[in-house]
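# Descriptive analysis of the structure
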Amino acid sequence: MTEATGSLWEAIIPPAPPFAPLDGAVTADVVIVGAGFLGLSAALHAAMAGLDVVLLESHQPGFGASGRNTGFVVPSLKASIGPADVVRAMGETHADRLLRLVAGSGAEVFGLIARHGIDCGAVQNGWLQPAHSRQAEAALQGRLPRLLQAGVDADWLDRDALAARTGIAGLHGGIRIASGGQITPLAYARGLARAAVAAGVRLRGDSPVTALIPDGAGWRLSTPGGQVRARRVLMTTNALIGDLLPDLRASVIPARVFQIATQVMPESLRRSLLPDMAPVADTRRHTFALRWSPDGRLVTGGMVPPLPGRMALARQQFARRLMRLVPGLPPIRADYAWTGVIAGTLDFLPRMMRLAPGLEAAIGCNGRGVALTTALGRKLGPWLAGRIPDDDFVLPVTAARPVPFRRITGLGPDLILPVWSARDAFEARFR
């Protein structure tokens, strides 16, 4: 059975009946491995495109990063990535497709929630990105026209407007993306799972793939309880690929992220701090992110140095950071703390890889999992059904591209954290 993750989301939503493991031998048009947001959206849309889909999950839907993240719906790539960077990475045609996909990804999430009646605490009151320094404020102002050009529904908020919308004094100006918002991520994953099953997907939980081998014109996947034969396989595991496909594992940089949720806060504070429930994520290299949970707790998080007792350190570190950056809070108690692993790439862009004929992988969310993966899954469905040729797909379909010096690079996010934090503090104080 799937073990508990310790997340707030597990505690505040009703338990879900588990999906039974794969039992015996079955066949399908396509097998999707990994029931996070990407796998669930892809499976749902593949079934809607007429395919017979089996979706295998090693635990239960949303167990990995999808069900553990902060639940921000962000219709934007990383702040450091502009349209010109995307063009350099993948050419004008694919860059335009990806930027338009991202621009519409917030509407995609909330539209899917409405169409399928998913109860997941969805609030679409925008996503706020204040600058942490004057230099970052100028950079964001320069980025806004590029976002508008890409079709993102964004506008500029000066310091006074951001202070009014957040209840946090002393912020620099920043960007509001109106189509963004927040969800309860584990509830969203479970809702997507129900929608996928209703569309005909055969979802099997507690079914880790132990072997994946060519089988005639397709593939055979083995689990502890059975086998699936299919002509096509899509891997949507992101950072939790394990040792099944070494080339795929070597193509991403895993980064461990921690979250905490405070005690339930007084109603008076909820009326003044983030009163619209629009989540905030600033421009620090070690991003400061903040939101309300549906039950009135503040949720924040980030990275923690690779020291003993990291979970306890996360509780202490993020409580102190919250008290420092949001004056006027009562003493913070971290009632919940949990962790997950995200998949990064060197250029902060997603990948669509063909590992062998009929074996593909979509990977590399870079912390933009909710909106990007949902929207990408809608494109993957008809692509898997052959309705979209490779040349017309939103991402270039490439071979696996292992990250150079991955053993060292994989430690990079942890090792560089003190440098990031020091630079963030210096810039916020002196610039």
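Residues numbered from 1 in each chain as written. Predicted model: local features only at pLDDT ≥ 70, side-chain atom pairs only at ≥ 80, totals over all residues. Heavy atoms only, no water.

### Things to note about the pairing of strand β6 (residues 174-177)
Note the threshold: Strands are treated as partners if at least two bridges between them are detected by DSSP. Helix and strand assignments come from DSSP, with helices taken as H or I runs of at least 4 residues and strands as E runs of at least 2, each series counted from the N terminus.
Bridge count for strand β4 (residues 127-130) against β6 is four bridges, and the pairing is antiparallel. Paired with tryptophan 127 across the two strands is isoleucine 177, which belongs to β6. One ladder, built from four bridges, connects strand β5 (residues 154-157) with β6; its direction is antiparallel. Within the sheet, the bridge partner assigned to aspartate 155 lies in β6 and is arginine 176.

### Topic: the pattern of salt bridges
Convention followed: Definition used for salt bridges: Asp or Glu carboxyl oxygen within 4 Å of a side-chain nitrogen of Lys or Arg. Three labels apply to residues, based on accessible area from a 1.4 Å probe with only protein chains included: buried if under 20% of the type maximum, exposed if over 50%, partly exposed otherwise in between.
The final tally for this structure, using the stated rule, is 21 salt bridges. With a closest N to O distance of 2.6 Å, glutamate 108 and arginine 378 form a salt bridge. With a gap of 270 residues between them, glutamate 108 in helix α5 (residues 105-116) and arginine 378 in helix α12 (residues 369-384) connect regions that are remote in the sequence. Between glutamate 137 and arginine 159 there is a salt bridge whose closest N-O contact spans 3.2 Å. Placement of glutamate 137 in helix α6 (residues 134-149) and of arginine 159 in helix α7 (residues 159-166) is noted, with a sequence separation of 22 residues between them. Look at arginine 159 and you get partly exposed, because its relative accessible area is 36%.

### With respect to helix α8 (residues 185-198)
In plain terms, the rule: Any helix carries an expected span of 1.5 Å times its number of residues minus one.
Here α8 is 14 residues long and its end C-alpha atoms lie 20 Å apart, about the 20 Å a rise of 1.5 Å per residue gives. Counting buried positions along α8 yields ten of 14 residues, so the element is predominantly enclosed. Taken together, the buried positions of α8 are Pro185, Leu186, Ala187, Tyr188, Ala189, Gly191, Leu192, Ala193, Ala195 and Ala196. Glycine 200 occupies a position one or two residues after α8 and carries a positive phi of about 115 degrees.

### Overview of the pairing of strand β12 (residues 253-262)
For a regular strand, the rule is simple: side chains alternate between the two faces of the sheet. Counting buried positions along β12 gives eight out of ten residues, so the element sits mostly inside the fold. Where β12 and strand β16 (residues 334-344) come together, ten bridges link them in antiparallel fashion. Across the sheet, residue isoleucine 253 finds its bridge partner in β16, namely glycine 344. Bridge analysis of β12 against strand β15 (residues 298-302) gives four bridges, and the strand direction is antiparallel.

### Brief notes about the nonpolar core
The condition that has to hold: Only buried residues count toward a nonpolar core. Its members are Ala, Val, Leu, Ile, Met, Phe, Trp, Tyr and Cys residues joined through side-chain atoms within 4.5 Å. Residue contacts are counted whenever heavy atoms from the two residues lie within 4.5 Å of one another.
Formed by 64 residues in total, the largest nonpolar core has its most connected members in Tyr188 and Leu380. Within the residue set of this core, elements represented by two or more residues are α1 (8-12), β1 (24-33), α2 (37-48), β2 (53-56), α4 (83-103), α5, α8 and α12. Among residues more than four places away in sequence, those in contact with leucine 380 are Leu38, Ala42, Leu234, Met352, Ala362 and Phe393. Counting 24 residues, the second largest nonpolar core, distinct from the first, contains Ala28, Met235, Ala343 and Leu359.

### Some thoughts on the packing of α2 against α8
Two quantities define a packed helix pair, namely the angle between the helix axes and the distance between the axes. Going by this rule: Think of each axis as a best-fit line through the C-alpha atoms, taken over the contacting stretch in the case of a helix, with angles from 0 to 180 degrees between the N-to-C directions. An angle below 35 degrees is treated as roughly parallel, one above 145 as roughly antiparallel, one from 65 to 115 as roughly perpendicular, and anything else as oblique. Left-handed describes a crossing in which the near helix is turned anticlockwise from the far one by less than a right angle; the clockwise case is right-handed. Asp, Glu, Lys and Arg are counted as charged, while Ala, Val, Leu, Ile, Met, Phe, Trp, Tyr, Cys and Pro are counted as nonpolar; the rest, among them Gly, fall into the polar class.
Where α2 meets α8, the closest approach of the two axes is 9 Å, and the angle between their N-to-C directions is 25 degrees. Classified by the interaxial angle, the pair formed by α2 and α8 is roughly parallel. As for how α2 packs across α8, the hand of that crossing is left-handed. Listed contacts from α8 to Phe37, Leu40 and Leu44 of α2 are Pro185, Tyr188, Ala189, Leu192, Ala193, Ala195 and Ala196. A class-by-class count of the residues in the contact of α2 with α8 yields ten nonpolar, no polar and no charged.

### Description of unusual backbone geometry
We note that leucine 274 has phi near 45 degrees; this positive angle belongs to a residue other than glycine. With respect to the secondary-structure elements, leucine 274 resides in the loop between α10 (267-272) and β13 (280-281). Within the chain, methionine 277 stands out as a residue other than glycine whose phi angle is a positive 60 degrees. With respect to the helices and strands, the residue methionine 277 is situated in the loop between α10 and β13.

### Let's talk about the packing of aromatic side chains
Selection criterion: Note on ring pairs: Phe, Tyr and Trp rings are taken, using the six-membered ring of Trp, and paired if centres are within 6.5 Å. Classes follow the plane angle, with under 30 degrees stacked, over 60 edge-to-face and the rest tilted. Our definition puts a charge over a ring when NZ of Lys or CZ of Arg is within 6 Å of the ring centre and also within 35 degrees of the ring normal.
For the structure on display, the rule yields three aromatic pairs. Centroid distance tryptophan 9 to tryptophan 338: 6.0 Å. Interplanar angle 75 degrees. Geometry classified as edge-to-face. A residue pair is termed long-range when its members are at least 10 positions apart, and tryptophan 9 in helix α1 and tryptophan 338 in strand β16 qualify at 329 residues. You'll find tryptophan 9 and tryptophan 338 in the same group, each marked buried. A centroid spacing of 5.2 Å and a plane angle of 50 degrees characterise the contact between phenylalanine 37 and tyrosine 188, whose relative ring orientation is tilted. Of this pair, phenylalanine 37 sits in helix α2 while tyrosine 188 sits in helix α8; the two residues are 151 residues apart in sequence, bridging distant segments of the chain. Per residue, the accessibility class of phenylalanine 37 equals that of tyrosine 188, and both read buried. A cation sits over an aromatic face here: arginine 68 above phenylalanine 63, 4.5 Å from the ring centre. The aromatic ring of tryptophan 383 is capped on one face by arginine 232, whose charged end is 4.5 Å from the ring centroid.

### Quick word on the side chain of arginine 351
Threshold: We call two N or O atoms a polar contact when they sit within 3.5 Å, provided that within protein one can donate a hydrogen and the other can accept it, with sequence-adjacent residues counted only if both atoms are side-chain atoms.
With respect to the helices and strands, the residue arginine 351 is situated in strand β17 (residues 351-356). Classification of arginine 351 by relative accessible area gives buried; the value is 10%. Only 3.1 Å separates the side chain of arginine 351 from the side chain of aspartate 347, close enough to count as a polar contact. Contact partners of arginine 351, with chain neighbours within four places excluded, come to Thr345, Ala361, Ala362, Ile363, Leu395 and Arg401.

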